[in-house]
Amino acid sequence: MLIFRTKFLDAELFSDKKFNNCNAPEENWNQLDKGYEFVYSSYSLGSLVWCKMQGYPWWPGMIDNDPLTKTFYYKHSNSTLPDKYHVTFFGIHASRAWMGKKFIKVYNPDDKEDQLKYDERKSSKGIREAIAMANQAFHLELNDRKKIYGFREQHRSLDDQPSSSKP
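Here the structure is a predicted model, which is why all the values come from computation and not from measurement. (Residues numbered from 1 in each chain as written. Predicted model: local features only at pLDDT ≥ 70, side-chain atom pairs only at ≥ 80, totals over all residues. Heavy atoms only, no water.)

## What to know about the pairing of strand β2 (residues 59-63)
Here comes step 1: The buried fraction of β2 is high, at five of five residues.
Here comes step 2: Neither face of β2 is left uncovered, since the one carrying Trp59, Gly61 and Ile63 and the one carrying Pro60 and Met62 both have all their residues buried.
Here comes step 3: Bridge analysis of β2 against strand β4 (residues 84-89) gives three bridges, and the strand direction is antiparallel. By the bridge assignment for β4, Ile63 is matched with Val87. (Buried < 20%, exposed > 50% of the residue type's maximum accessible area, 1.4 Å probe, protein only. Helix = DSSP H or I, 4+ residues; strand = E, 2+ residues; numbered from the N terminus. Pairing = 2+ DSSP bridges.)

Next comes the structure, spelled out in structure tokens:
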């Protein structure tokens, strides 16, 4: 049962005694005892982002699982915050990289400041094509976006390789 709390919530209206108190948790989750851990991630699988790599302009990409490690973030064992995210870059030839969080920001096609940096007269055909793909991906449902633009989905032959990649 989920209860949305507002300052107007009358907790007494709920018959379940575990949840009819504004200080009660919305859900009980005791999976930490079973080996699970909390990770506070700024991005989720399928998030659209701008990334900056040395020698390249800011480039659009998507947070995606690494095809070898099957994870989309890397964190130190004693931290709850990811240090790096795995990104699949948009473009004619999909490429990927582990990116430090300080080199990533949210992609929004309506942000004219980011879009204007790539004036058609001055930017390469590659970045214009990548932006067009990111804009198309933005309007897709999340699962469709991952199916169409995910690195693994674009390169199925990687499934047979051993899992030894490290960020």
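Having put the structure on the table, let's press on.
## Some words on the packing of aromatic side chains
Here comes step 1: One pass over the structure, following the stated rule, counts four aromatic pairs.
Here comes step 2: Aromatic pair Phe72 and Tyr73: ring centres 5.2 Å apart, planes at 80 degrees, arrangement edge-to-face.
Here comes step 3: Relative accessible area serves as the criterion here: at 25%, Tyr73 is assigned to the partly exposed category.
Here comes step 4: With 5.2 Å between their ring centres and 75 degrees between their planes, Phe90 and Tyr149 make a pair best called edge-to-face. Remark: Tyr149 occurs in helix α3 (residues 142-149) and Phe90 occurs in the loop between β4 and β5 (95-100); sequence separation between them is 59 residues.
Here comes step 5: You can call Tyr149 buried: its relative accessible area is 9%.
Here comes step 6: The positively charged end of Arg96 is found above the aromatic ring belonging to Phe151, 5.3 Å away from the centroid.
Here comes step 7: The ring centre of Trp58 lies 4.9 Å from the NZ or CZ of Lys105, which sits over that ring. (Phe/Tyr/Trp six-rings, centres within 6.5 Å; stacked < 30°, edge-to-face > 60°. Lys NZ or Arg CZ within 6 Å of the ring centre and 35° of its normal.)

## What about helix α2 (residues 125-138)?
Here comes step 1: Taking 1.5 Å per residue as the helical rise, α2 with its 14 residues ought to reach 20 Å, and the 20 Å between its terminal C-alpha atoms agrees with that figure.
Here comes step 2: Buried within α2 we find Ile127, Ala130, Ile131, Met133, Ala134 and Ala137. Taken end-on, α2 shows its buried residues confined to a sector of 160 degrees, consistent with a single buried face. (Expected span 1.5 Å × (residues − 1). Arc of directions from axis to C-beta.)

## Observations concerning the nonpolar core
Here comes step 1: By size, the foremost hydrophobic cluster in this structure holds 24 residues, and its most contacted members are Val87, Phe90 and Ile104.
Here comes step 2: At the level of secondary structure, the elements contributing two or more residues to this core comprise β1 (48-51), β2, β4, β5 and α2.
Here comes step 3: In terms of residues, this core owes the most to one element, α2, which gives six residues.
Here comes step 4: Residue contacts for Val87: discarding those within four places in its chain leaves Val49, Cys51, Gly61, Met62, Ile63, Ser95, Arg96, Ala97, Met99 and Ile104. (Core = buried A, V, L, I, M, F, W, Y, C linked by side-chain atoms within 4.5 Å. Contact = heavy atoms within 4.5 Å.)

## Some thoughts on the pattern of salt bridges
Here comes step 1: This model, assessed by the stated rule, comprises two salt bridges.
Here comes step 2: A salt bridge links Arg96 to Asp66; the shortest N-O distance between them is 3.3 Å. With Arg96 in strand β5 and Asp66 in the loop between β2 and β3 (73-74), the pair connects residues that are 30 residues apart, well separated along the chain.
Here comes step 3: Note on Asp66: relative accessible area 1%, which makes it buried.
Here comes step 4: Linking Lys125 and Glu129 is a salt bridge whose minimum nitrogen-to-oxygen distance equals 3.8 Å. Taken as a pair, Lys125 and Glu129 lie in helix α2 at a separation of four residues, close to a single helical turn.
Here comes step 5: Overall, the relative accessible area of 57% leaves Lys125 in the exposed class.
Here comes step 6: Exposure remark for Glu129: the relative accessible area of 26% places this residue in the partly exposed category. (Salt bridge = Lys/Arg side-chain N within 4 Å of Asp/Glu carboxyl O.)

## Quick word on the pairing of β4
Here comes step 1: Taking burial as the measure, the six residues of β4 include five buried ones, the bulk of the element.
Here comes step 2: Taken together, the two bridges between β3 and β4 define a ladder with antiparallel strand orientation. Within β4, the residue paired with Tyr73 across the bridge is Tyr85.
Here comes step 3: Two elements, β4 and β5, share six bridges in a ladder whose sense is antiparallel. For His86, the partnering residue across the bridge sits in β5 and is Trp98.
Here comes step 4: Hairpin remark: β4 followed by β5, antiparallel, with five residues in the connecting loop; positive phi at Gly91, about 155 degrees.

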